[in-house]
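What the coordinates show
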Number of protein chains: 2
Amino acid sequence: MNIFVDAMGGDNAPVEIVKGAVDAVKEYGVPLTLVGKEDIVKQELAKYTYPQDKIKVLHAETVIGFDEEPAMAIRRKEDSSLVVALNAMKGDPDSVLISAGSTGALLSGGLLKLGRIKGIKRPALAAALPKDGGVVLLIDTGANADCKSEYLEQFAMLGHVYFESVLGKKNPKVGLVNIGSEEEKGSMMVKEAYQLLKNSDLNFVGNVEARDIPTTDVDILVCDGFTGNIVLKLLEGLSSYLMKGIKKSIMGSAKGKIGGVLIKNDLKQFKKQFDSDEAGGAPFLGVKGGIIKAHGSSGAYAIKNAINQSIKFIDNDVLGKITAKLQEEKAVKEQEKE
Amino acid sequence: MNIFVDAMGGDNAPVEIVKGAVDAVKEYGVPLTLVGKEDIVKQELAKYTYPQDKIKVLHAETVIGFDEEPAMAIRRKEDSSLVVALNAMKGDPDSVLISAGSTGALLSGGLLKLGRIKGIKRPALAAALPKDGGVVLLIDTGANADCKSEYLEQFAMLGHVYFESVLGKKNPKVGLVNIGSEEEKGSMMVKEAYQLLKNSDLNFVGNVEARDIPTTDVDILVCDGFTGNIVLKLLEGLSSYLMKGIKKSIMGSAKGKIGGVLIKNDLKQFKKQFDSDEAGGAPFLGVKGGIIKAHGSSGAYAIKNAINQSIKFIDNDVLGKITAKLQEEKAVKEQEKE
């Protein structure tokens, strides 16, 4: 098991990233490799007591910033923490890279350095969103702004394998993000995807309208990357806006202020449900290696959770299962031809 | 001025619709026509004292339900409140129809019975969404699931005319709903739309990410109808889910219950910002007549507001201004050719 953590990527790197890695090593006992500027990472590590043999440091001179053009940065910055990590994990099916840095660079890097699993049309970025009483896996959340219906069918398969393996529920329910509940609703692409999903061997339960996402009983929501990104970002933005707005309006009156103190704990508890730190990072599925995008603002707790997620990813052989699924589908298609 | 109100459409028809019409007549002094089953509508009207000469009743034997296939219902149910109203307003540029019934039937009816304004590629459904300190007009919110970039350019023009005329702000800012702030972000269609908007004479300010929608300083947000519908429904669903969730978690503890009583008024005040009743109905822009879709759950207050909106729609000659804009654009294009 080789878990690489990009020590230099993200708003709180390297301090929180290194702390999260130390916490994970202590809690889960797995070995890790921190990738980044050696002196800086070692200086951070020196703050903690932990089993020294469990954390290796892989030196990388530079880091890819949030503002750099992803594909170009991957090609040019061979000495960046991201590229050094990707090169180190290449060809190792039991490896995962976690990064809280630039999403674009991580996706480009995964595609360019690791490549797609044979048979995968488009790798997709999935995200486990909090919902009433659990999580729902949204896929794709932004890797593919332009999609064909057969990509969506494959996203559903990728989500299925990941959900069963890492989130631990057999035969998860698959829904299609759509603008109506009826079969004939949606864009041409989405209508086609409906038919493909209906005829697949997945547990497809039909369309899910956006208003029902927070309370859906579906486990996996499939959509193109444009739609998925809109859903993800709007959930984030609106939750944060409403929570701030409520606080502000309560604090505007004397009575409200007292009330605010009294409800503080309940509200905190409720807010925790929407904490992206709890849900872990977003897996980029379909490339030859484990790639987990941690939120840019990840603190130590989020990184520790992403490491736990990586352990499950490797232990449950997500890559092997995706490959097996693809071979199964290929065999079925060939049989149908005969 | 001919304002038609579908008395039979919506969850609270005819009771709340008729009440809203009576309230509007009293407050604004304009004449109205209620369309629906005469005996039922008159029975409702008999509950109120109001200037009798201001409200006419136009009889329609049936109503189109939410579950009927829109285009087919429009063609077959000539005696429905919707079709009777559309036939009555046809050819009259100073008329508006308000309906809280089936959105699909209203859009189909508007297209089939009134037709597009010459030069309009695709009429679009706009919705004024509450945002921090005002409203933002989202267009299209579902009339066109499949769009070309030039439709979006025209949606922006329609939004511009409506915003200036009815919402009363000159030179409103136009933004493009996108999955990144940079010019080169998004699907192929959206990237093309960016260039068209950039080269238009509208006040285009660039991309707006979904997370920024609740606090955007943009006045008009342009997108395809699939994306717009997702945004609209997710805003609705998540706001309602969060508000209910907060209430539930507060009511779960004794301390919280007391706090809940103390913050009740402040919360109510805050919630009012998100009340779709305040924002008025959704105008269907680009057809030869005013069409306003009121929320299915509209009460009297929402209907009264939609009537006020209709008055502004007619008084400010939205249709005439759209036609003028199209002629202007046509003239510019012809000049460029020479």
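Presented here is an overview of the structure given in this document. (Residues numbered from 1 in each chain as written. Chains lettered and ligands numbered in written order. Predicted model: local features only at pLDDT ≥ 70, side-chain atom pairs only at ≥ 80, totals over all residues. Heavy atoms only, no water.)

**Things to note about the sheet that holds strand 4 (residues 95-99) of chain A**
Within a beta sheet, neighbouring strands are joined by backbone hydrogen bonds and run either parallel or antiparallel to one another. Worth spelling out the cut-off: Strands are labelled as partners when DSSP assigns at least two bridges between them. Secondary structure follows DSSP: runs of H or I at least 4 residues long count as helices, runs of E at least 2 residues long count as strands, and numbering of each begins at the N terminus. Inter-axis angles, ranging from 0 to 180 degrees, are taken between N-to-C directions of lines fitted to C-alpha atoms, where helices are fitted over the stretch in contact. For this analysis, residues touch if any pair of their heavy atoms sits within 4.5 Å.
Spatial strand order, 3-2-1-4-11-10-5-6-9-7-8 (chain A): 11 strands in an open sheet with mixed pairing. Only two strands of the sheet have a single partner each, and these edge strands are strand 3 (55-59) and strand 8 (203-209) of chain A. Each adjacent strand pair in this sheet contributes to an overall mean axis angle of 25 degrees, direction not counted. The sheet contact formed by strand 6 (residues 134-139) of chain A and strand 9 (residues 220-222) of chain A spans three bridges and is parallel. Bridge pairing in strand 9 of chain A places A:Ile139 opposite A:Val222. The sheet strands contacting helix 5 (residues 103-114) of chain A are strand 4, strand 5 (124-131), strand 10 (282-285) and strand 11 (290-293) of chain A, and the helix crosses strand 11 of chain A at an angle near 175 degrees. Sheet contacts for helix 8 (residues 225-251) of chain B: strand 5, strand 7 (173-178) and strand 8 of chain A; angle to strand 7 of chain A, the most-contacted strand, approximately 120 degrees.

**Describing the interface of chain A and chain B**
Which entries qualify depends on this criterion: By definition, the buried area sums, over both parts, the 1.4 Å-probe accessible area that each loses when the two are put together. In what follows, salt bridge is the name for a side-chain nitrogen of Lys or Arg lying within 4 Å of a carboxyl oxygen of Asp or Glu. Side-chain atoms alone can form a polar contact between residues adjacent in sequence; in general such a contact is a pair of N or O atoms within 3.5 Å, and within protein one must be able to donate a hydrogen while the other accepts it.
Every contact between the two is made by 50 residues of chain A and, on the other side, 50 residues of chain B. Summing both partners gives a buried area of about 4700 Å² for chain A against chain B, and 74% of it is carried by carbon and sulfur. Across the chain A-chain B interface, the total number found is four salt bridges. The closest approach of N and O atoms between B:Glu209 and A:Lys233, which form a salt bridge, is 2.8 Å. There are four residue pairs in polar contact (both at pLDDT 80 or more) connecting chain A and chain B. Those elements that provide at least two residues to the side of chain A that touches chain B are strand 7, helix 7 (188-198), helix 8 (225-251) and helix 9 (254-272) of chain A.

**Remarks on the relation of the copies chain A and chain B**
Between the two copies of this chain, the relationship is a rotation about some axis together with a displacement along it. What counts here: Least-squares fitting of one copy onto the other uses the C-alpha atoms of those residues that reach a pLDDT of at least 70 in both copies.
Overlaying chain A on chain B yields an RMSD of 0.0 Å, the required transformation being a rotation through 180 degrees with an accompanying axial translation of 0.0 Å. Taken together, the rotation angle and the small translation identify this as a two-fold axis. Looking at the rotation axis and the C-alpha trace of chain A, the residue lying nearest is A:Gly259, at 1.9 Å. Most of the interface of chain A is mirrored in chain B, where 100% of its interface residues again form contacts.

Everything listed is a geometric property; what it means functionally is a separate question.
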